[in-house]
Amino acid sequence: MRPKPVILDVDTGIDDAFALMLAAKHPALNLLGVSCVDGNCPLDQVVRNTLLVLETADRSDVPVALGAARPLVAEPNYALAVHGDDGLGNVQWTEPKSKPVKPFAVEFLRDLILGHPEKVTLIPVAPLTNIALLLTEYPEVKENIEQLIIMGGSAGLGNATALAEFNIWHDPEAAQIVFSADVPTIMYGLDVFYDVHIGERELIELQNSKNTTAKLAGEIGKYIAGILGYPITIGDAGAVCAAIDPDGLVLETYPTTVVTDKGPARGMTVVDRRPYRDTVENERALPDARDVSVALKVDSHRYAKLWLETITS
Ligand code: BDR
Ligand code: CA
């Protein structure tokens, strides 16, 4: 099998780092490039962290581009309380030597997608600002996108607020553009996000590893365990697992939309799971919704093993 061409859009972030490590090292994937957006931390830190992780994984050949430094409409809201002041657990590590490429992320993504002979899988694990700009400015890219695997949203509870998941809440206007675009989409959201995790024993093994990628994962994982406790989720890396091993997920297709109103539901993904939804009057159908494949269950052990085996290889 030829490796699947993929692009990651990241706001690196501890679990984005876990996702980058997996995408950089797994032989079933051909990581064409990585675009950066503000989210967990400001854009300059996202870029530094992304380059640091790729260099550690011996993949500084993967091009990295700078994208949006703020959401389309909202004010930025960072998650430094979880990811550390530098977004990467304040880890003591060699600073990256590599630099981002020149084009802005939106043109970078367009060129990578249209320039590839096969359809490309796009895996955004961050606020959707870059992807919304891409689909709006260059809608022709849709033809060559195999699938969007979005880490974001929830069919149930939120984490940034009671109802909204962080990536969607950070830029709801962008998320609504992406969720309403005519591209096959998997929502790898909070319904599965926390289920794929590793425990204290595995984390200590990573910290003591001679493999530098594994060691970095162990060090930054230790930071987040210090804040949120054990076990720690592999988080965004689960969306990359879904590109490698889609059978590890239970997906169900539902009309889905994003709340962009001000108020307590801002940034919520509304997933219409009513079994009788097709029989209700049209005016009570979910407005502006599009069918999305929602990940409702994950084979946690299988994905955790996939991640651990790959990053320690
Ligand atoms: C998402 O928010 C960020 O903090 C994580 O990197 C992940 O992408 C989870 O809600
Ligand atoms: Ca992220």
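Our structure's up above, just so we're on the same page.
Here we summarise the structure given alongside this text.

Calculation criteria
Residues numbered from 1 in each chain as written. Chains lettered and ligands numbered in written order. Predicted model: local features only at pLDDT ≥ 70, side-chain atom pairs only at ≥ 80, totals over all residues. Heavy atoms only, no water. Donors = N, O, S within 2.8 Å, 3.2 Å for Na, K, Ca; no water. Helix = DSSP H or I, 4+ residues; strand = E, 2+ residues; numbered from the N terminus. Buried < 20%, exposed > 50% of the residue type's maximum accessible area, 1.4 Å probe, protein only. Pairing = 2+ DSSP bridges. Patch = residues over 30% accessible without salt bridge, like charges linked within 9 Å, V, L, I, M, F, W, Y side chains within 5 Å. Areas by Shrake-Rupley, 256 points an atom, 1.4 Å probe, with all protein chains shown as cover. Salt bridge = Lys/Arg side-chain N within 4 Å of Asp/Glu carboxyl O. Axes fitted to C-alpha atoms, helices over the stretch in contact; angles between N-to-C directions. Contact = heavy atoms within 4.5 Å.

Turning next to the coordination of the calcium ion (ligand 2). Each angle at a metal carrying four tetrahedral donors should ideally be 109.5 degrees, and each at a metal carrying six octahedral donors should ideally be 90 or 180 degrees. At 2.3 to 2.7 Å from the calcium ion (ligand 2) lie its protein donor atoms, namely Asp11 (OD), Asp16 (OD), Asp16 (OD), Val125 (O) and Asp236 (OD). Look at where the donors of the calcium ion (ligand 2) fall in the sequence and you get D-x4-D-x108-V-x110-D. One end of the pair, aspartate 16, is in helix 1 (residues 14-25); the other, valine 125, is in the loop between strand 4 (120-124) and helix 5 (129-137), and 109 residues separate them in sequence. The class for aspartate 16 is buried, based on a relative accessible area of 0%. Given a relative accessible area of 0%, valine 125 falls into the buried group.

With that settled, the discussion passes to the pairing of strand 4. Note on strand geometry: in a regular strand, side chains alternate between the two faces of the sheet. Burial runs high along strand 4: five of the five residues are buried. Going residue by residue along strand 4, you find Val120, Leu122 and Pro124 tucked away on one face and Thr121 and Ile123 tucked away on the opposite face as well. Relative to strand 4, strand 1 (residues 4-10) is paired through four bridges, and the arrangement is parallel. Note that in strand 4 the partner of aspartate 9 across the bridge is proline 124.

Taken together, the side chains of Leu72, Val73 and Ile177 make up a nonpolar region of the molecular surface, amounting to roughly 230 Å² of accessible area. By secondary structure assignment, the location of leucine 72 is in the loop between strand 3 (64-66) and helix 3 (80-83). For leucine 72, a relative accessible area of 35% gives the class partly exposed.

The strand order across the open sheet formed by nine strands is 3-2-1-4-5-6-11-9-10, and the pairing between neighbours is mixed. Every interior strand has two partners, whereas the edge strands, strand 3 and strand 10 (269-271), have only one. For this sheet, the mean inter-axis angle between neighbouring strands, taken without regard to orientation, is 30°. Relative to strand 5 (residues 145-151), strand 4 runs parallel, the two being bridged by three bridges. Paired with leucine 122 across the two strands is leucine 148, which belongs to strand 5. Strands in contact with helix 2 (residues 43-56) are strand 1, strand 2 (29-36) and strand 3; relative to strand 2, the strand with the most contacts, it is inclined by about 155°.

Moving on to the pattern of salt bridges. Overall, the coordinates contain 13 salt bridges when judged by the stated rule. The residue arginine 70 makes a salt bridge to glutamate 75 at a minimum N-O spacing of 3.9 Å. Using a relative accessible area of 54% as the deciding quantity, one classes glutamate 75 as exposed. One salt bridge in this structure joins aspartate 272 and arginine 274, with 2.7 Å as the shortest N-O distance. Accessibility expressed as a relative area gives 8% for aspartate 272, which makes it buried. Under the relative-accessibility criterion, arginine 274 is labelled partly exposed at 24%.

What follows deals with the environment of asparagine 40. Position of asparagine 40 relative to the elements: it lies in the loop between strand 2 and helix 2. Owing to a relative accessible area of 5%, asparagine 40 belongs among the buried residues under this scheme. When the C-alpha atoms of asparagine 40 and leucine 80 are compared, they prove to be 6.4 Å apart, with 40 residues separating the residues in sequence. Excluding residues that lie within four positions of it along the chain, asparagine 40 makes contacts with Asp11, Gly13, Asp16, Tyr78, Ala79, Leu80, His83 and Phe166.

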